[in-house]
Amino acid sequence: MMKRNIIVSFFILAGILGTKPVFAQDKGDEDKTMANQVKNRDKIAIDDAVNGWWKASMKTHEARIAWWRDARFGMFIHWGIYSLPGGEWKGKKVEGYAEHLMRKEKIPRAEYLELAHRFNPVMFDADTWVKTAKKAGMRYLIITAKHHDGFAMYNSQVTDYNIVKQTAWKHDPMADLSAACKKYGLKFGFYYSHAFDWEHPDAPGNDWDYKNPGGDLNLFGGRDWYDLHPELLPKAVKYVNEKAIPQIRELLTMYHPDILWFDTPQKLPLSENIRILKAIRETDPNVVVNGRLARGANNLNLGDYKNTADRPAEFFPVEGDWEAIPTTNESYGYSKYDKSHKPVSFFIQLLAKSASRGGNLLMNIGPMGNGEFAPEDEGILKGISGWMDKNASSIYQTNKTPLPIQNWGVSTRKGNLLYLHVFNWPQNGNLVVAGLKSNITKAYFLADATKKALSVKRIDPLDVNIAIPSQSTDAADAVIVLETNGDIATDATRLLASTITNRLLAFDAALTGKGFGFGDGKTNKYYVDGWSKKDQLMKWGFRLMEPARYRIVLKYVADNVDAGTFELKTDNTVKSGEAMPTAKEEVKTIDLGEITLQPGTHTMQLLPIEITRANLMKVLEVQLIPVN
């Protein structure tokens, strides 16, 4: 890991440090890349890091991140004075992330402070929070010590803009949570907004009180203000010196957290982010630091692991250690109006999917202003708890699966054990495990305390059949354990199903040509984009055991910048189609007819014919639907 990161960093230094166009802030509450472009100013900081202190810090990387790798599942908590109004301001519903209330309503610092004076979460109980997280199977807990509003949710001595000195409660919940996590055996950490602070007069973000850069008005050139107006940088440096670094050091020395979690690094130049990371390593060399503090173009990442996009439904390919952050509805902070909570099964399956790909899931809860979890969140956690009580060993301390994609679900691995997470239950009583060359010594349901053996029969050198009941033992995710006799040997080619729909996701395609990018994985955004050249193509490999006929459906996201014609070629069969532009972004499907496939291995390629706008289309998936 250390060697790979160092090589990536030196690759950055060898790159062209040129200029680029002016970019505005991303619309909405997120930034797509959450990363910096590397400039000449940053080169000194990178050189200092990869040749000195950061290189030395990576010698203990494996030791400090070991607990995080084993944990696989954590609780993320966004809680602040914004939780009191809960997505409402002056009787009006506020759209989007509730924790962004101050920015969205352009609330002056003085008026926002009046909200703090009313904050009195008398129902807060740290033991209840932590016990709830532990019961749901979560092994670590991260909470907002300071979000973008700049308000410290702990007894900071750096500024009196904090929960002890400004609220009616006058209490430090971080001290309680730190103690409770130690008491119940959870790792504990803080989210700290280092680059975005709407309270401090010198920090990026507040353009309504202070006319500072980094806000919605795109003052001083927008997103990359520090490149276009370097004369403004000393103000931000002053904020980092006066507030960000001192408060981070406070958190490290007062509470001794196991992990620190950062966000929105693009609000500051990379050199400042690296300087903050250096201060952290000087203060506590053993604390884990996430991947959204010091990262830049071309995969530069000086954190301990990588962070993917927010609120995912699917995961794009990531190598190494990574973490995703879903939330129960569509807001991270509590919103009384947001009732878009996903079902329990969504989170159980998302957890299995992330573990199967070698990642962690940090699931967010937004407690209410009175200090309690919202009833909807409690219900979701209770449902996850019921599943984890029986199936936790299929998640903890597991590794990325060696098996190819399976149509019935996903799998995880622990030593010589394979855990099959069956989402789509075969109705014919036969579960085919494709691509498994190793012999199975025993198969049984993980939830079965007696470990009653299931019948196993090898179909061919690559595939095994397990006889299962006609009805699933768990509608969300029934887990079957396979015990093998040693090293697990597999074949990487996917086996198509002949009885259920096969989803060939764009995220799972082999991409040829430069320029492709990934959507963030949210619902209807699990696409591949950046298809602007004719030498780019997507392809999927798969095999069949018997002849089958399928209807082919292409699913893509249409908008006003993508359009063109394409071919879907499978062996010698070619299907043609056209991606049409739309005024508003929407999901489209194209029925490409039927195809008969014979037993054996096949390759399906999606190729551009004409690209009539900036890009061809944003591909979500190709579906092969069995035709009876």
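Structure first, text after, so check above.
Residues numbered from 1 in each chain as written. Predicted model: local features only at pLDDT ≥ 70, side-chain atom pairs only at ≥ 80, totals over all residues. Heavy atoms only, no water.

A.B. asks: For this particular structure, what's the right way to read the pairing of strand β4 (residues 140-146)?
C.D. replies: A regular strand carries its side chains on alternate faces of the sheet. Of all seven residues in β4, seven are buried, a share of seventy percent or more. In terms of strand pairing, strand β1 (residues 73-77) meets β4 through four bridges, oriented parallel. The residue of β4 that forms the bridge with G74 is Y140. Pairing of β4 with strand β5 (residues 187-192) involves six bridges; the strand directions are parallel. (Buried < 20%, exposed > 50% of the residue type's maximum accessible area, 1.4 Å probe, protein only. Helix = DSSP H or I, 4+ residues; strand = E, 2+ residues; numbered from the N terminus. Pairing = 2+ DSSP bridges.)

A.B. asks: Looking at this model, I keep getting lost on helix α6 (residues 126-135). Mind explaining?
C.D. replies: The α-helix advances 3.6 residues per turn, and as a result positions three or four apart in sequence lie on the same side. Among all positions in α6, only A126, W129, V130 and A133 are buried. Taken around the axis of α6, the buried residues stretch over an arc of 90 degrees, which confines them to a single face. The positive-phi residue at the C-terminal boundary of α6 is G137, with phi of around 90 degrees. (Arc of directions from axis to C-beta.)

A.B. asks: Looking at this model, I keep getting lost on the nonpolar core. Mind explaining?
C.D. replies: Side chains of a nonpolar character, in soluble globular proteins, are inclined to be buried together. Counting 112 residues, the largest nonpolar core has L141, I143 and I280 as its most contacted members. Per-element accounting of this core gives the leading share, ten residues, to helix α10 (residues 233-255). Ignoring sequence-local partners within four residues, the contact set of L141 consists of M75, I77, V130, A133, C181, L186, K187, F188 and G189. Of all hydrophobic cores here, the second largest spans 32 residues; its members include L496, L504, F516 and L616. (Core = buried A, V, L, I, M, F, W, Y, C linked by side-chain atoms within 4.5 Å. Contact = heavy atoms within 4.5 Å.)

A.B. asks: What's the story with the side chain of D202 in this structure? I'm lost.
C.D. replies: Structurally, D202 is set in the loop between β5 and α9 (225-228). Look at D202 and you get buried, because its relative accessible area is 14%. Contact partners of D202, with chain neighbours within four places excluded, come to N212, K235, A236, K238 and Y239.

A.B. asks: Quick question: what am I supposed to make of the packing of aromatic side chains here?
C.D. replies: Two descriptors summarise a pair of aromatic rings, namely the distance from one centre to the other and the angle between the planes of the rings. Within this structure, the stated rule accounts for 27 aromatic pairs. Plain terms: the ring middles of W79 and F124 are 5.4 Å apart, the flat faces sit at 15 degrees to each other, and that makes the pair stacked. Pair noted here: W79 is in the loop between β1 and β2 (88-89) and F124 is in the loop between α5 (109-118) and α6, with a separation of 45 residues, a long-range link. Look at W79 and you get buried, because its relative accessible area is 0%. F124 gets classed as buried once you look at its relative accessible area, which sits at 10%. With a centroid separation of 5.3 Å and 70 degrees between ring planes, the pair formed by F190 and Y255 is classed as edge-to-face. With a gap of 65 residues between them, F190 in strand β5 and Y255 in helix α10 connect regions that are remote in the sequence. (Phe/Tyr/Trp six-rings, centres within 6.5 Å; stacked < 30°, edge-to-face > 60°.)

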